[in-house]
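Okay, here's what each chain looks like letter by letter:
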Protein chains: 2
Amino acid sequence: MGVAATLPLAKPIPASDAAPVPDALSALADMLRDDLEAANRAIVARMDSPVALIPQLAAHIVAAGGKRLRPLLTLGAARLCGYGQSGGPAATRPLRHVNLAACVEFIHTATLLHDDVVDESLLRRGLASANAIFGNKASVLVGDFLFARAFQMMVEDGSLRVLEILSHAAATIAEGEVLQLVIQNDLGTGEAQYLDVIKGKTAALFVAACQVGAVVADRPEAEERGLAEYGMNLGIAFQLVDDALDYAADQATLGKTVGDDFREGKITLPVLHAFHAGDAEEQAFWRRTVGTLDQADADLGLAMRLMERHGAIAATLARAADFAAAAKRALAVFPATPMRAAMLAVADYTVSRAR
Amino acid sequence: MGVAATLPLAKPIPASDAAPVPDALSALADMLRDDLEAANRAIVARMDSPVALIPQLAAHIVAAGGKRLRPLLTLGAARLCGYGQSGGPAATRPLRHVNLAACVEFIHTATLLHDDVVDESLLRRGLASANAIFGNKASVLVGDFLFARAFQMMVEDGSLRVLEILSHAAATIAEGEVLQLVIQNDLGTGEAQYLDVIKGKTAALFVAACQVGAVVADRPEAEERGLAEYGMNLGIAFQLVDDALDYAADQATLGKTVGDDFREGKITLPVLHAFHAGDAEEQAFWRRTVGTLDQADADLGLAMRLMERHGAIAATLARAADFAAAAKRALAVFPATPMRAAMLAVADYTVSRAR
């Protein structure tokens, strides 16, 4: 019954409670290589359609070299819960976690495609994004297809509990995104409301991705709760870092553009921090640029200097570190295994990618 | 066990095989009044969210006085299959068909909201629609919420078969919509491909709406198949008539604008008919206006006159009548009851609304 020889769980990586592993996500992906490759195959196979534009456009996003963070959470959570450890020949190994990891990636891709949809006001400001290649409408419709396809795959999986978790996540994501739209440009937004936004738009899918791993392994509720808490805190930390990186000058290496949030007038924690710490003149600057989108070329640079002056980025990253630590504590319910260490390291990675 | 006294099934309406009932949809709604009111209550209750913009925007579409055709199909199909005929006090009467009718309406509303999303090219042509009030992005995200909420309600219903039917329909709708986008402006489109589009974007939800009615009633497969066939043919007929009405001059009374399809360069059967029947000069006209969207003010009027000349509208409506007749034949599997007569009358209504 020994499974270590056939499943890629044996390679130990250092426990990560102290120093973060430089690229913990690659390490987790290495441990889960067979599962991840199977998930990638499922993703490519199931995004197919007789309507050729669908796989073409989906591939543009899905195959764009994403980190596969969310499907890795599903795969890792399932393995952490001991799913599939009955071993046996590869052909008969259970693959529910692989198919659900693909579902999670499809839902994530659908939200990315729908997030690409821009409004007329932003189009006028020259902010067309990936959807510029295919158009708003194609992005929306292919997103709809991937979303529907994810539900078809969950139905094939056959667990109403999984369907409940992921349909709840999908509704919560949409609520978070709408709330983000509502508070856009509103510097009166409170920190609690900002946290509601990122819990919805980002953390909800992290929660669900982890939870379904526990569900397929049929584990006690305490483990599902622990993984849900891990996902929630990890997701919040992840988005806080993302929001900080949008104002971090030296991110060219990360392949991210700086200033997107600023140009859209998105209300994020760094902005709220700098706004509240600023004097009257600075607050007038934020009201003009983020509040009314009246921006000149030099404004992003000034925004970043104001953030530096008030430690807005450092404060945001400190909050992220708190949430990452909470994520790690939530895994205490599991015994110390290489897989747990790898999941802990992912929490550190989430924060360390900003340094 | 007599149920006629407590359920609104007793009011007979004329059998409709010969002359269409003037407003068959109202007649069906009358027969299903209690069910429809319950479905409307479920729709309002379940589109609620702490994010106030969601019910606000959803109400703009859902409460805009739609005909509720699709939920009526679910309710009617369930009753046709004898669902809920065990009677008893109102509080204990089964309401699965009511909740699923609300799901069907949510999915329909989500597709309407996503259909409102326009591309930059159309925005430049001044073609912003209902979404102009709230913006592209809000339309997309609220549509996503309603779609997710529909799946949450299906999970509460608990039938994997229902989830299978409606997730398949959702994927098929998206495929139909993407195909429509692909063939836009392409006068080389064949009639078969056009039929694929409307089977997907319109008929798929008619099919599913009818099918789930049979599923909740737990009826033999022949009845589910009959209802699916009814829905498919009814949906095709419905869309053919819609496509004809877009070029029918006297539609002010229907509250529809004329010429939307023309201005978008949508490929529909009336266009294909007029294009293929036209001489070289006429074909050049269609290539310029629908093919490249190079349109002047007088072009819609000329398009309509060309359709008149070649009987394009009449030919489209004749095709619709054929499909409506096929829809009616598909209900032969059911005994002749007032409910069947009402469903037959809906098929006639679908075509007669164009006259």
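Caption draft 1: Examining the overall build of chain A more closely. Counting its secondary structure elements, chain A contains 17 helices and 0 strands. Every one of the 355 residues in chain A was classed for burial, and the buried ones make up 54%. Put simply, of all contacts in chain A between residues at least 6 apart along the chain, 77% involve residues at least 24 apart.

Caption draft 2: How the structure looks around the environment of L95 of chain B. Looking at the element boundaries, L95 of chain B is found in the loop between α4 (69-80) and α5 (96-115). Residues L95 of chain B and D35 of chain B, spaced 60 residues apart in sequence, show a C-alpha to C-alpha distance of 8.3 Å.

Caption draft 3: Broad picture of the packing of helix α10 (residues 191-216) of chain B against helix α11 (residues 221-245) of chain B. All names here are of chain B. Two elements in contact, α10 and α11, have axes separated by 7 Å at closest approach and are oriented at 150 degrees. Relative to α11, the element α10 lies roughly antiparallel. Both α10 and α11 take part in a crossing whose hand is right-handed. The residues of α11 that touch α10, namely those facing I198, K199, T202, A203, F206, V207, A209, C210, Q211, G213, A214 and V215, are E223, E224, L227, A228, Y230, G231, M232, L234, G235, I236, F238 and Q239. Grouping the amino acids of the contact of α10 with α11 by side-chain chemistry returns 15 nonpolar, 6 polar and 3 charged.

Caption draft 4: A look at the interface of chain B and chain A. Listed per partner, the contact involves 40 residues of chain B and 40 residues of chain A. Every element with two or more residues in the side of chain B that touches chain A is listed here: α3 (53-62), α6 (120-124), α8 (136-157) and α9 (160-183) of chain B. Its residues assigned to classes, the side of chain B that touches chain A shows 24 nonpolar, 8 polar and 8 charged.

Caption draft 5: View of the relation of the copies chain B and chain A. Rotating chain B by 180 degrees and translating it 0.0 Å along the rotation axis places it on chain A, where the RMSD comes to 0.0 Å. On this basis, the relationship between the two copies can be described by a two-fold rotation axis. The overlap is high: 100% of the interface residues of chain B also sit at the interface in chain A, so the same surface is used on both sides.

Caption draft 6: Representation of the packing of helix α16 (residues 312-329) of chain B against helix α17 (residues 338-352) of chain B. Residues and elements named next belong to chain B. Two elements in contact, α16 and α17, have axes whose closest approach is 9 Å; the angle formed by their N-to-C orientations is 175 degrees. Considering the angle they form, α16 stands roughly antiparallel to α17. Counting all contacts with α16, which are made through L317, A320, A321, A324, A327 and K328, the residues of α17 involved are L344, A347, D348, T350 and V351. Taken together, the residues of the contact of α16 with α17 break down into 8 nonpolar, 1 polar and 2 charged.

Caption draft 7: Highlighting helix α1 (residues 24-31) of chain B. Listed as buried for α1 of chain B are A24, A27, L28, A29 and M31 of chain B. Buried positions along α1 of chain B lie against α2 (33-46), α4 and α17 of chain B.

Caption draft 8: Structural view of the nonpolar core. Within the largest apolar cluster, 247 residues are counted, with the highest numbers of intra-cluster contacts made by L166 and A237 of chain A together with L166 and A237 of chain B. Once residues within four sequence positions are removed from consideration, L166 of chain A is found in contact with C103, I107, M154, A208 and V212 of chain A.

Caption draft 9: Just unusual backbone geometry, in detail. Residue and element names in this part refer to chain B. Phi is positive for R68, which is not a glycine, with a value near 60 degrees. Note on placement: R68 falls in the loop between α3 and α4. Phi angles above zero are rare outside glycine, and L293 is one such case at about 60 degrees. Taking the C-beta count within 10 Å as the criterion, L293 has 16 such neighbours and is therefore assigned partly exposed.

Caption draft 10: Here's a closer look at helix α11 (residues 221-245) of chain A. The end-to-end C-alpha separation of α11 of chain A is 36 Å, in line with the 36 Å expected for 25 residues at 1.5 Å each. A large share of α11 of chain A lies buried, amounting to 20 of its 25 residues.

Caption draft 11: Examining the confidence of the model for chain A more closely. All names here are of chain A. Here chain A averages 87 in pLDDT, while 83% of its residues score no lower than 70. Low confidence marks residues 1-21, where pLDDT is under 50. Its contacts with residues over four positions away, or in another chain, come to 40 contacts. At the level of chain-chain contacts, confidence expressed as ipTM amounts to 0.89, with global pTM at 0.89.

Caption draft 12: Broad picture of the environment of C210 of chain B. All names here are of chain B. On the secondary structure map, C210 appears in helix α10. A count of 33 C-beta atoms within 10 Å places C210 in the buried class. Remark: the alpha-carbon pair of C210 and L95, spanning 115 residues in sequence, is separated by 16 Å. Non-local contacts of C210, meaning those with residues more than four positions away in its chain, are made with L73, A77, L227, A228, Y230 and G231.

Caption draft 13: Local environment of the environment of F206 of chain B. Residue and element names in this part refer to chain B. Within the secondary structure, F206 sits in helix α10. Along the sequence, F206 and V182 sit 24 residues apart, while their C-alpha atoms lie 23 Å from each other. The residues touching F206, leaving out its near neighbours within four places in the chain, are R70, L73, G231, M232, L234 and G235.

So, how was this worked out
- Every chain's residues receive numbers from 1 upward, in the order its sequence appears when written.
- Here the convention is simple: chains get letters from A, ligands get numbers from 1, in the order in which they are written.
- This being a predicted model, a pLDDT of at least 70 is required before a residue's local features are given, and a value of 80 or more before pairs of side-chain atoms are given or counted; all residues contribute to the totals for chains, interfaces and linings.
- What counts as a helix is a DSSP run of H or I of at least four residues, what counts as a strand is a run of E of at least two, and both are numbered from the N terminus.
- Counting other C-beta atoms within 10 Å of a residue's C-beta gives its exposure: the residue is buried at 20 or more, exposed at 12 or fewer, and partly exposed in between, where C-beta atoms are placed from the backbone.
- Placing a C-beta atom from the backbone of each residue, one calls two residues in contact when those atoms lie within 7 Å.
- Every axis in this analysis is a line fitted to C-alpha atoms, fitted for helices over the stretch in contact. Angles between the N-to-C directions lie between 0 and 180 degrees.
- Small angles under 35 degrees read as roughly parallel and large ones over 145 as roughly antiparallel, with 65 to 115 read as roughly perpendicular and the rest as oblique.
- Each crossing gets its hand from how the near helix is turned against the far one by less than a right angle, where anticlockwise is left-handed and clockwise is right-handed.
- Think of it as three bins: nonpolar holds Ala, Val, Leu, Ile, Met, Phe, Trp, Tyr, Cys and Pro, charged holds Asp, Glu, Lys and Arg, and polar takes everything else, Gly as well.
- To line up the copies, we fit them by least squares on C-alpha atoms, keeping just the residues with pLDDT of at least 70 in both.
- Definition of nonpolar core: a set of buried Ala, Val, Leu, Ile, Met, Phe, Trp, Tyr and Cys residues joined via C-beta atoms within 7 Å.
- To estimate how far a helix should extend, the number of its residues minus one is multiplied by 1.5 Å.
- Confidence of the predictor in every single residue is expressed as pLDDT, which spans 0 to 100.

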